[in-house]
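Listed below are the residues making up each chain.
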Amino acid sequence: MVLCPVIGKLLHKRVVLASASPRRQEILSNAGLRFEVVPSRFKEKLDKASFATPYGYAMETAKQKALEVATRMHQARGPLPFCPHENSFALTRGFAGAKSPGAPASPTFQSLQGDQLGHPLVSLLMTWSVPSLNFQRTKLAATGSRPLGGMLVESVHGGLSECCGLPAEPLLQAAGGELYYPPRPEDLRQPVQHDSIPAVDTFEDLSDVEGGGSEPAQRETGSRDEKAEVGAAGRATAEAECHRTRATLPPFPTRLLELLDGFKLSKALLTACKLKVFDRLKREAPQKAPDIASKVDASACGTEKLLDVCAAMGLLEKTEQGYSNTETANLYLASDSEYSLHGFMLQNNDVIWNLFTYLEFAIREGRNQHHRVLGKKVEDLFQEAYYRSPETQLRFMQAMHGVAKLTARQVATAFDLSRFSSACDVGGCTGALARELAREYPRLQVTVFDLPDVVELAVHFQPAGPQAAQIHFAAGDFFRDPLPSAELYVLCRILHNWSDDKVHKLLSKVAESCKPGTGLLLVETLLDEEKREAQGGLIQSLNTLVQTEGRERSRGEYQCLLELHGFHQVQVVHLEGVLDAMLATRVAP
């Protein structure tokens, strides 16, 4: 039934089978197709070594067989205009539908399968071409007999007609595509290649001369009016069947819908972290959904749905025994892991998620949305938004600590900093980067400079170790107070938070504290100059918009800033993930 519109469309076309195979004639006849037989004289002797793939060999052989027949038919009547879609239809296609353990070792056929042959080569004659490959398949498939050679066939892949000698359904489906979606007029005006095949309707009937096979070729019968009726019926059926084709229906927007659902997956992850699902499964696993639900004070059905989504995201493993953490969940989502992002997840859930709810307002107003979340005007973002209470302040520091630990090693090793004996990590929070710098450079003394409340709570993040003696904490406000003296200043994820005037103010303070030769290590997410990479700086730029008063910048913008304040010899290294490191040297004013 699916092929009926195609057959109807072909009834008023002249179709030529460039093969003498009785089996192929039988298949096309059973499909209801009218055609004539003109076997090809092309010898299948192409050099297999000149083709990179079996596909190329099979397609070129099929093409040359069709060209040979078309050329003879064309020469019988002389040159006529080439008009493939108004006068004729034809198709060449190399195809193989089965493999056998007893097949020759030739690279041409040992891995040739129908699925690998791609879109058919459009010419003007239908031909079936699998050179020198038989294995008695047609007899096996068509008659059910089992000669000795059939024992060599281990399996058959493809439809029945493919095994019998012709992939009728794929061929006719391709024919439908060519007939219902002809080339545009501008395409038909392109110059004709030298091996193009003239229109089939212009050829003489050569089937009698060629002795078209052991079975007589079928002729078109009926009056012109009868043919017109059949053609009209076929077109009507085609229009009814194809009303939702590629001509009227665009491609399904899978990627677009995936993007739309992205926020739902994010919220599922954040909710699982909030409920400490990954903590419970790290301590005891596997567990069933009702057991976990009772421990997190949630419904069994809701918990099961949440766990299934987490399993689909690759965060959990689901078996008959229950749910277990994946390695990723144990390493990053359990709160007691060394590289835990649990605090960062909670910060996203409780603060950033709410801010992004007002993204439309941020876009319209061009500023952060803390005033909408908090219900009041915010003068100091970090004091008001993040440090409203010791609990929220500690949670913010946990979030920053988790992210810093993941990137600190990359930052510390991005450049050779061995020439510096002292460093000041401005806004260094918990000292995660300072510890990595001390570990990498044993002679380096590092001072972490941050707000008094931050320095007071930083003790919760200080593990014992040999690097402890190299790290010192100093309290102060880097906009108001003098900076500690150092040979290297570090600004890691600081400048993007602030407006341009505050960025200039901070860089001026750093420059005033520097002697010639002092280094400045700047770590930020750099926008690409043309702003095309959505997964890097562009997403971070939206994040910066809703949260802070600052913005992300490109490499060129940061370089101009640094040079304006006397820092030159700028080097840039892209770190794993979304961060970039820039090292510049202060020169004499």
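A brief structural summary. No experiment lies behind these values; they were computed from the predicted model shown.

Focus on the packing of helix 13 (residues 289–296) against helix 14 (residues 300–312)
For step 1, the next point in the chain: The geometry of helix 13 relative to helix 14 is characterised by a closest axis approach of 8 Å and an angle of 110° between their N-to-C directions. As summarised for this structure, helix 13 and helix 14 are arranged roughly perpendicular, according to the angle between their axes. Handedness of the helix 13/helix 14 crossing: right-handed. In this structure, helix 13 contributes Ala 289, Pro 290, Ile 292 and Ala 293 to the contact, and helix 14 contributes Ala 300, Thr 303, Glu 304 and Leu 307.
For step 2, the next point in the chain: When the residues that make up the contact of helix 13 with helix 14 are grouped by side-chain class, the tally is six nonpolar, one polar and one charged.

Overview of the packing of aromatic side chains
For step 1, the next point in the chain: Going through the model one piece at a time under the given rule, you end up with six aromatic pairs.
For step 2, the next point in the chain: Ring geometry for Phe 478 against Phe 479: centres 5.0 Å apart, planes inclined by 70°, an arrangement best described as edge-to-face.
For step 3, the next point in the chain: Arranged with centres 6.4 Å apart and planes meeting at 85°, the rings of Phe 478 and Trp 498 form a pair that is edge-to-face. In this pair, Phe 478 sits in the loop between strand 11 (471–475) and strand 12 (488–492) while Trp 498 sits in the loop between strand 12 and helix 23 (500–513), placing the two residues 20 residues apart along the sequence.
For step 4, the next point in the chain: For Phe 478, a relative accessible area of 11% puts it in the buried group.
For step 5, the next point in the chain: Connected via pairs of aromatic rings, a cluster forms that spans Phe 478, Phe 479 and Trp 498.
For step 6, the next point in the chain: For the cation-ring pair, Lys 267 lies above Trp 353, with the distance from its terminal atom to the ring centre recorded as 4.7 Å.

Re the packing of helix 20 (residues 390–412) against helix 21 (residues 432–440)
For step 1, the next point in the chain: At a closest axis distance of 8 Å, the pairing of helix 20 and helix 21 adopts a crossing angle of 30°. When the axis of helix 20 is compared with that of helix 21, the two are roughly parallel. Relative to helix 21, helix 20 is oriented so that their crossing is right-handed. Contacts between helix 20 and helix 21 involve His 401, Ala 404, Lys 405, Ala 408, Arg 409, Val 411 and Ala 412 from the first element and Ala 432, Leu 433, Arg 435, Glu 436, Leu 437 and Glu 440 from the second.
For step 2, the next point in the chain: Among the residues making up the contact of helix 20 with helix 21, the classes are represented as seven nonpolar, one polar and five charged.

Here is what the cut-offs are and how they apply
Residues numbered from 1 in each chain as written. Predicted model: local features only at pLDDT ≥ 70, side-chain atom pairs only at ≥ 80, totals over all residues. Heavy atoms only, no water. Axes fitted to C-alpha atoms, helices over the stretch in contact; angles between N-to-C directions. Helix = DSSP H or I, 4+ residues; strand = E, 2+ residues; numbered from the N terminus. Parallel < 35°, antiparallel > 145°, perpendicular 65-115°, else oblique. Left-handed = near helix turned anticlockwise from the far one by under 90°. Contact = heavy atoms within 4.5 Å. Nonpolar A, V, L, I, M, F, W, Y, C, P; charged D, E, K, R; others polar. Phe/Tyr/Trp six-rings, centres within 6.5 Å; stacked < 30°, edge-to-face > 60°. Buried < 20%, exposed > 50% of the residue type's maximum accessible area, 1.4 Å probe, protein only. Lys NZ or Arg CZ within 6 Å of the ring centre and 35° of its normal.

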